[in-house]
Amino acid sequence: MLRLITDFDGPIIDVSQRYYQVYQFCLEKTKRSSQSVSPLAKAEFWQMKRACVPEQQIATISGLDEAQAKQFAQLRRETVHTQMYFDYDCLAPGAVDALEKVQLAGIDLAVMTMRREKELEYAFERYDLERFFPKNRCYCLSNEYVKTRDIDDKPLLMERALSELPPAIDTWMVGDTEADIITAKNHHVKVMAVLCGIRDREQLATYKPDLIVQDLSAAVDLLLLHPSFFGLDDADSTEETTE
Ligand SMILES: [Mg+2]
């Protein structure tokens, strides 16, 4: 059995509009009523998130002072995963088609995400995604879980997955952040980083994933068209070498 473990936010869900709405809300909430600020356009904001610019720096660039920037970052942390803002999420282009291809190819599919159970279920229902991920292929946080940092929490999910899932001939992981790449590499799982999420190429490259591709579609196409990526004999490439 071959297995693909995919992160959720980034490869499957585009969270950029949620993050931007929360940014605008926090800026408005934190500034004094008489204070004029300089809100970033969405493209500028998202580019900064992708370049891993710290929240407090985004706040000061937007016109808040240092003390306000701290408040802004705190409020942002408390707000970004609240229910009303999840409505701003949308499907990443091509993600559902890619998941259908994986399923059709008989590849074992699991999801590994820093979402809490209820947050994952909400998106599953909204986009009819449950059909791809039975309960025993969902690795997410419990509703009561107190998050620390993705980089500390995600490996715990990976340890659970590797101990619970039936053995696979080969496993790839797809994700859009350093937490995904570090987690996979520390557990000897091959990892493709996607550019359609919250980190740009330069950030992703720092952590040396096995491959960097545009999105989940490109990741899946590579695996399906080049069985050698999956640790399988590639009949086509054997033919090519005899010509
Ligand atoms: Mg992600």
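Keep in mind the model is a prediction, meaning the values are calculated, not measured. (Residues numbered from 1 in each chain as written. Predicted model: local features only at pLDDT ≥ 70, side-chain atom pairs only at ≥ 80, totals over all residues.)

## Some words on the environment of Arg149
- Relative to the assigned elements, Arg149 resides in the loop between β5 (138–141) and α8 (150–164).
- Of the residues examined, Arg149 has 9 C-beta atoms within 10 Å and is grouped as exposed.
- In the structure, Arg149 is positioned 42 residues away from Ile107 in sequence and 30 Å away in space, judged by C-alpha atoms. (Helix = DSSP H or I, 4+ residues; strand = E, 2+ residues; numbered from the N terminus. Buried ≥ 20, exposed ≤ 12 C-beta atoms within 10 Å, placed from the backbone.)

## Concerning the confidence of the model for the protein
- In the predicted model, the protein carries a mean pLDDT of 94, and 95% of its residues have values of at least 70.
- pLDDT under 50 marks residues 236–243. Its contacts with residues more than four places away, or in other chains, come to 1 contact. (pLDDT = per-residue confidence, 0-100. Contact = placed C-beta atoms within 7 Å.)

## Brief notes about the pairing of strand β6 (residues 170–175)
- The buried fraction of β6 is high, at 5 of 6 residues.
- Both strand β1 (residues 2–6) and β6 contribute to a ladder of 5 bridges, which runs parallel. In the sheet register, Leu2 faces β6, and the bridge partner there is Asp170.
- As paired strands, β6 and strand β7 (residues 190–194) are joined by 4 bridges and run parallel to one another. Paired with Trp172 across the bridge in β7 is Lys190.
- Between the parallel elements β6 and β7, the chain passes through helix α9 (residues 178–186) in a crossover that is right-handed. (Pairing = 2+ DSSP bridges. Right-handed = clockwise from strand over helix to strand, strands pointing away.)

## Focus on unusual backbone geometry
- In this structure, Asp128 is a non-glycine residue whose phi angle is positive, near 55 degrees.
- Turning to its location among the elements, Asp128 is positioned in the loop between α7 (117–127) and β5.
- When the 9 C-beta atoms within 10 Å are taken as the criterion, Asp128 is described as exposed.
- Positive phi outside glycine occurs at Lys208, with the angle close to 55 degrees.

## Describing the pairing of β5
- What you see with β5 is no split at all: Cys138 and Cys140 on one side and Tyr139 and Leu141 on the other are buried throughout.
- Bridging between strand β4 (residues 108–116) and β5 involves 3 bridges; their strand directions are parallel. The residue of β5 that forms the bridge with Met112 is Tyr139.
- In this fold, β4 hands off to α7, which returns the chain to β5; that crossover is right-handed.

## Regarding the sheet that holds β1
- With parallel pairing, 6 strands are arranged side by side in an open sheet as β5-β4-β1-β6-β7-β8. Looking at strand neighbours, the two that pair on one side only are β5 and β8 (211–213), the edges of this open sheet. Here the strands of the sheet are splayed against their neighbours by 20 degrees on average, with no regard to which way each runs.
- The sheet contacts of α7 involve β4 and β5, and relative to β4 the element is tilted by about 125 degrees.
- Across the sheet, α9 lies against β6 and β7, angled at about 170 degrees from β7, the strand it touches most. (Axes fitted to C-alpha atoms, helices over the stretch in contact; angles between N-to-C directions.)

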